Amino acid sequence: MPEPSGSPVSRRTVLTGAAVLGGTLMAPGMATASRRLDDPFTLGVASGDPSPDGFVLWTRLAPRPLDDNGLGGMPDRVVPVEWEIAEDERFGRIVRRGVEDATPQSAHTVHVEPAGLEPGREYFYRFRADGHLSPAGRTRTAPAPGLLGPPLTMCFASCSNWGAGYFTAYRRLAEDQPGLVLHLGDYQYEGPTGPTAVRQVAGAETMTLADYRRRHAQYKTDPDLQFAHSVAPWLVVFDDHELENNWADEVPEQPDPNFLERRKAAFQAYYENMPLRRTSAPQGIDMQLYRRIQWGGLATFHMLDTRQYRDDQLSGDGAETGRLDTRRTIVGADQQQWLLDGFRQSSARWDVLGQQVFFAERDLAAGPEERHSMDAWDGYAANRDRIVAGWVDAGVRNPVVLTGDVHRHWAGEIKQDYDRPDAPSVGVELVATSITSGGDGDDGSNVALDENPHLKFYKNRRGYVRTLISGGELRADFRVLPYVTSAGAPARTEASFVVADGDSTLHPA
Ligand SMILES: [Fe+2]
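All of these numbers come straight from a predicted model, not from anything done at the bench.

Novice: Is there a simple way to think about the nonpolar core in this case?
Specialist: It is characteristic of soluble globular proteins that their nonpolar side chains tend to be buried jointly. Among the nonpolar cores identified, the biggest contains 73 residues, and M154, F156, L182, F301, W350, L402 and L430 are the most heavily contacted of them. Residue contributions to this core peak at seven residues, all from helix 5 (residues 259-273). Once residues within four sequence positions are removed from consideration, F156 is found in contact with L182, L184, L402, T403, L430, V431, A432, Y464, V465 and T467.

Novice: Mind showing me how you'd approach the coordination of the iron ion here?
Specialist: Tetrahedral coordination by four donors puts the ideal angle at the metal at 109.5 degrees, and octahedral coordination by six puts it at 90 or 180 degrees. For the iron ion, the full set of protein donor atoms is C159 (SG), D186 (OD), Y189 (OH) and H407 (NE2), and the range of their distances to it is 2.1 to 2.5 Å. In this structure, the iron ion is surrounded by four donor atoms whose angles at the metal cover 86 to 165°, and the resulting shape is irregular. In primary-sequence terms, the residues that donate to the iron ion follow C-x26-D-x2-Y-x217-H. One end of the pair, C159, is in the loop between strand 9 (152-157) and helix 2 (168-175); the other, Y189, is in the loop between strand 10 (180-183) and helix 3 (209-220), and 30 residues separate them in sequence.

Novice: What should I look at first to understand the layout of surface pockets in this one?
Specialist: One simple way to see leftover space: roll a probe sized like a water molecule over the atoms. Taken as a whole, the largest pocket holds about 350 Å³ of empty space. What lines the largest pocket is a set of 24 residues, among which E122, R140, L152, P178 and G179 lie closest to the centre. Counting residues per element, the ones that place at least two in the lining of the largest pocket are strand 8 (137-140), strand 9 and helix 4 (223-231). Considering every element that reaches the lining of the largest pocket, the biggest residue donor is strand 8, with three residues. Here the residues of the lining of the largest pocket sort into 14 nonpolar, seven polar and three charged.

Novice: Would you explain the side chain of E413 in this entry?
Specialist: With respect to the element layout, E413 can be found in strand 16 (residues 409-415). Salt bridges are absent for the buried E413, whose nearest opposite-charge side chain, K415, sits at 4.2 Å. Of the polar contacts made by the side chain of E413, one reaches the side chain of S425; its length is 2.7 Å. Leave out the neighbours within four places in its chain, and E413 touches A360, Y418, S425, G427, V428, H454, K456, S504, T505 and L506.

Novice: Even after reading the chapter, I still don't get the pattern of salt bridges, so can you show me in this structure?
Specialist: Oppositely charged side chains can form a pair if their charged atoms are brought close together. Under the definition given, this model contains 44 salt bridges. In this structure, R128 engages E82 in a salt bridge whose closest nitrogen and oxygen atoms are separated by 2.9 Å. Of this pair, R128 sits in strand 6 (residues 122-129) while E82 sits in strand 3 (residues 79-86), placing them 46 residues apart in sequence. Given a relative accessible area of 3%, E82 falls into the buried group. Taking the shortest distance from any N to any O, the salt bridge between R126 and E84 comes out at 2.7 Å. Here the residue R126 occupies a position in strand 6, and E84 occupies one in strand 3, the gap between them amounting to 42 residues.

Parameters and conventions
- Residues numbered from 1 in each chain as written.
- Predicted model: local features only at pLDDT ≥ 70, side-chain atom pairs only at ≥ 80, totals over all residues.
- Heavy atoms only, no water.
- Core = buried A, V, L, I, M, F, W, Y, C linked by side-chain atoms within 4.5 Å.
- Buried < 20%, exposed > 50% of the residue type's maximum accessible area, 1.4 Å probe, protein only.
- Helix = DSSP H or I, 4+ residues; strand = E, 2+ residues; numbered from the N terminus.
- Contact = heavy atoms within 4.5 Å.
- Donors = N, O, S within 2.8 Å, 3.2 Å for Na, K, Ca; no water.
- Tetrahedral: all angles 85-135°; square planar, octahedral: opposite > 155°, others 65-115°.
- 1 Å grid on protein atoms, 1.4 Å probe; cavity = no way out; pocket = protein on both sides within 12 Å on 5 of 7 lines; lining within 4 Å.
- Points joined across faces, edges and corners; volume = space filled by probe spheres on them.
- Nonpolar A, V, L, I, M, F, W, Y, C, P; charged D, E, K, R; others polar.
- Lys, Arg positive; Asp, Glu negative; His and termini not counted.
- Salt bridge = Lys/Arg side-chain N within 4 Å of Asp/Glu carboxyl O.
- Polar contact = N/O pair within 3.5 Å; in protein donor to acceptor, adjacent residues only side chain to side chain.

In structure tokens, the structure reads:
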């Protein structure tokens, strides 16, 4: 364990604190040269990216989360953070313990990657710093490789906009006691809040590292979000708003000479504030976000990055080429190869693509001009065709695409030829509505349901999707809340679908 440098908290003091399990927070003899920190655990705890023998544990020290320098009220020194993992909720059976330095360079965030734990079981964890004890979190390791294991409750969500409402849907998600949570992007929004917002964010539009760090800190103060992080490991990927609206690779939506600096700042803050492994730590303006997580033999989660590697094949006059242009790519050549290789190597019962934007064709039926979203896979139709052909050719048993972004629930079937309604379905897509973005919503229908016979369900309410994945079937419950502009809404299941093993069609349950 590294000896903290420049810290007035001696190693001996830390270990003394460690011995006080569940007891007093203030270790005796803790008198130090500098003032003791106020409670630094205002942002909760989180875990992520489970493997059969470990996971990532996360926290961040921030006694004053809204400080405008983004440093959370922390002094400019290294602070050692003790962590411990137990088999039981009361921390009676500790199985791992260590100390990790929280540094000013990483805004006093902590990423711990313990290994050597048992597969397929639940663990509890917590942190201690400067005599303060963090809330406890629950997490779990993935099942042993190849093992089908027990059914998995996996919930997925996207698009939590602070100003649009309360994060009650995160709390309802947590109450469903998932074993795994996927977050598909727009975890936070870069914009300021206007006078009509339900809740105000601190500061203007996020542009600098300090801005992004403060925005992340403010989001993490939300008790519903903290609760959701504390119940299960998360697999996170960003979409656009973690940086700015509809960015694509190195191209901002509006011309901006400082865009690459902004991208670097946004990625740095994103990594700092998410339970990601060190392999995802940014290198300059780049960040390795796409990755695979095996859940025994039950599921392989292919987490995609549909922002960093886009190539819209601009024509000479700066205009984007047509959506059917075969040179346009939404995942880039390397990620596509990695994904196709993954399909060929997969022996999982379910191959789940955790990704951001609408995947199946969706004729918006909105007007005579552009009837497809150029920001979604429809804008990269040839790339989509190659991905789908890849999983069909590889004989992937059960491909399931999970999507966020559109602030609506949708369910649909994926085809290789959408012009033939009788074409066989070769996969299913489940689209989670937003946690808050768009506000309370309504119960209206959508004309695209008539125009796109492969789309089976639509709902404009806030919520999340709960899945129960077993060897025989995948069940999806579309959970909705009647309102988010005031706190405490109940959740109910608006619709349920079942996908049977080996049959890529949606059956109402
Ligand atoms: Fe969004």
